[in-house]
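Architecture at a glance
Single-letter residue listing:
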Amino acid sequence: MFLFPERGDTEQSKVQQAVTDFALAVDRGDTAKMVALLCLDEAHGVADNDDNSADGERDSRSKPIPTTTSDVRIKGSVASVVVTRPAQKPVSVYLRKENGTWKMCAPVEKSWSQPAR
């Protein structure tokens, strides 16, 4: 008998899920969820500038916009993913693993070309 990891148990699937969860939070205007999915440096910046005005506009019933992830690349504790959504060009996003969880983290782009530690 062969044992295969559940789809949700691979690092690649965890990265893809983090991207999908973040996109859904953005679509629904869920600032608290968005901040929870950002790396610490970025989350602090958003929290410092957040006046909670978007929270009143949150719509948890809105239909999510489809999000497709591809070309997932992981180097140690950083990852890149190509994200495609309808009517938008594909874009690369970057994540960092913090405390065992993948977080959206734009500053990782600058260090992406550096060797993994």
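I will try to describe carefully the structure that is included in this document. (Residues numbered from 1 in each chain as written. Predicted model: local features only at pLDDT ≥ 70, side-chain atom pairs only at ≥ 80, totals over all residues. Heavy atoms only, no water.)

1. Points about the side chain of Arg-85
To be explicit about the condition: Secondary structure counts use DSSP, requiring at least four H or I residues in a row for a helix and at least two E residues in a row for a strand, with both numbered from the N terminus. The buried label goes to any residue with under 20% of its type's maximum accessible area, the exposed label to any with over 50%, and the partly exposed label to all in between, with areas taken from a 1.4 Å probe on protein chains only.
In this structure, Arg-85 sits in the loop between β2 (78-84) and β3 (91-98). By relative accessible area, Arg-85 is classed as buried at 12%.

2. With respect to the pattern of salt bridges
Stated formally: A side-chain nitrogen of Lys or Arg and a carboxyl oxygen of Asp or Glu constitute a salt bridge if their distance falls within 4 Å.
Enumeration according to the criterion identifies five salt bridges in this entry. Here Lys-14 makes a salt bridge to Glu-11, at a shortest N to O gap of 3.6 Å. Taken together, the residues Lys-14 and Glu-11, both in helix α1 (residues 11-28) and three residues apart, mark about one turn of the helix. Taking relative accessible area as the criterion, Lys-14 reaches 35% and is therefore assigned partly exposed.

3. What about α1?
To keep it simple, the criterion reads: Here the expected length of a helix is defined as 1.5 Å per residue gap, with one fewer gap than residues. Residue contacts follow a heavy-atom distance rule, with two residues in contact if any of their heavy atoms lie within 4.5 Å.
Here α1 contains 18 residues, and its C-alpha end-to-end distance of 26 Å stays within 8% of the 26 Å for a straight helix at 1.5 Å per residue. What α1 keeps buried is the set Ser-13, Val-15, Gln-16, Ala-18, Val-19, Phe-22, Ala-23 and Ala-25. At its buried positions, α1 is contacted by α2 (31-36), β1 (68-75), β2, β3 and β4 (101-104). Positive backbone phi, approximately 65°, marks Gly-29, located one or two places after α1.

4. Regarding the pairing of β1
Selection criterion: Two strands pair under a simple rule: DSSP has to find at least two bridges between them.
As judged from the six bridges shared by β1 and β2, these two strands associate in the antiparallel manner. The partner of Thr-68 across the bridge, within β2, is Thr-84. Where β1 folds back onto β2 in an antiparallel hairpin, the turn is made up of two residues, including Gly-76, whose phi is positive at roughly 65°.

5. Observations regarding the nonpolar core
Under the convention used in this document: In plain words, nonpolar cores are sets of buried Ala, Val, Leu, Ile, Met, Phe, Trp, Tyr and Cys residues tied together by side-chain atoms within 4.5 Å.
In terms of nonpolar packing, the biggest core is built from 17 residues, with Val-15, Val-19, Val-81, Val-93, Leu-95 and Met-104 touching the most fellow members. Only α1, β2, β3 and β4 provide two or more residues apiece to this core. Looking at this core element by element, the count peaks at five residues for α1.

6. Describing the pairing of β3
By the bridge criterion, six bridges tie β2 to β3 in an arrangement that is antiparallel. Across the sheet, residue Ala-79 finds its bridge partner in β3, namely Leu-95. In sequence, β2 turns back onto β3 through a hairpin of six residues, with Ala-87 there showing a positive phi of about 65°. Across four bridges, β3 lies against β4 in antiparallel orientation. Looking at β4, one finds that Lys-97 is bridged to Trp-102. Counting the residues in the hairpin turn of β3 and β4 gives two residues, including Asn-99, whose phi is positive at 50°.

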